[in-house]
Amino acid sequence: QVQLAESGGGWVQAGGSLRLSCARSGRTLSSYAMGWFRRAPGREHEFVEAISWRGNTNYADSVKGRFTISRDNAKNTVYMQMSSLKPEDTAVYYCAAGSSYDYTKTYDYGHWGQGTQVTVSS
């Protein structure tokens, strides 16, 4: 059994920063790619970023240069540092475990957290 739990969401003004964490419990996922997705109200899940177990990264164009993904395999935790936040970044953010950091579709990720809300005010 694999469990993922996000934390660190909240409210921030435009231009501000937040760091989300995703803690993994249960079966070790050190060899898995970890991704972040988000879902804004009325919209489908959107790929944000992903990282391989070796540290290779993949970012959506909308967050390049503003968001950074990292992972600490010893702590079974993946992080997303978000900077220069915009109101359009408002969404529920989900972490997920999958087989490749190149994958950007939800069906490529087999394990999901419950999500954490990020609200960016203008």
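This text follows the structure it describes.
All of the points below concern the structure found in this document. Keep in mind that this is a model prediction, so the values were computed, not measured. (Residues numbered from 1 in each chain as written. Predicted model: local features only at pLDDT ≥ 70, side-chain atom pairs only at ≥ 80, totals over all residues. Heavy atoms only, no water.)

Our next topic: the nonpolar core. Residues Trp 36, Phe 67, Met 80, Met 82 and Tyr 93 are the most contacted members of the largest nonpolar core, which totals 31 residues. Every element with two or more residues in this core is listed here: strand 1 (2–7), strand 3 (18–26), strand 4 (33–39), strand 5 (46–51), strand 7 (67–72), strand 8 (77–82), strand 9 (91–98) and strand 11 (116–121). Top element by residues in this core is strand 9. It accounts for five residues. Beyond its immediate chain neighbours, meaning those up to four positions away, Met 82 contacts Gly 16, Ser 17, Leu 18, Leu 20, Arg 66, Phe 67, Tyr 93 and Val 118. (Core = buried A, V, L, I, M, F, W, Y, C linked by side-chain atoms within 4.5 Å. Buried < 20%, exposed > 50% of the residue type's maximum accessible area, 1.4 Å probe, protein only. Helix = DSSP H or I, 4+ residues; strand = E, 2+ residues; numbered from the N terminus. Contact = heavy atoms within 4.5 Å.)

Strands sit in the order 1-3-8-7 across an open sheet of four strands; the sheet is antiparallel. Lying at the two open borders of the sheet, with one neighbouring strand each, are strand 1 and strand 7. Neighbour-to-neighbour, the strand axes of this sheet turn through a mean angle of 15 degrees, independent of strand direction. In this sheet, strand 8 lies alongside strand 7 in antiparallel orientation, the contact comprising six bridges. Residue pairing in the sheet places Arg 71 in a bridge with Val 78 of strand 8. (Pairing = 2+ DSSP bridges. Axes fitted to C-alpha atoms, helices over the stretch in contact; angles between N-to-C directions.)

Attention shifts here to the packing of aromatic side chains. Taken as a whole and judged by the stated rule, the model has five aromatic pairs. For the ring pair Phe 37 and Phe 47, a centre distance of 5.6 Å and an interplane angle of 75 degrees mean the geometry is edge-to-face. Remark: Phe 47 occurs in strand 5 and Phe 37 occurs in strand 4; sequence separation between them is ten residues. When its relative accessible area of 1% is taken as the criterion, Phe 37 is described as buried. Both rings, one in Tyr 109 and one in Trp 112, keep their centres 6.4 Å apart while their planes meet at 65 degrees; by these two values the pair is edge-to-face. One aromatic cluster in this structure is built from Phe 37, Phe 47, Tyr 94, Tyr 109 and Trp 112. (Phe/Tyr/Trp six-rings, centres within 6.5 Å; stacked < 30°, edge-to-face > 60°.)

Here we come to the state of the cysteines. Scanning the entire structure with this criterion turns up one disulfide. The disulfide partner of Cys 22 is Cys 95, and the S-S distance across this bridge is 2.0 Å. Taking the sign of the torsion about the S-S bond as the criterion, the disulfide between Cys 22 and Cys 95, at about 50 degrees, is right-handed. Of this pair, Cys 22 sits in strand 3 while Cys 95 sits in strand 9, and the two are 73 residues apart along the sequence. You'll find Cys 22 and Cys 95 in the same group, each marked buried. (Disulfide = S-S within 2.5 Å.)

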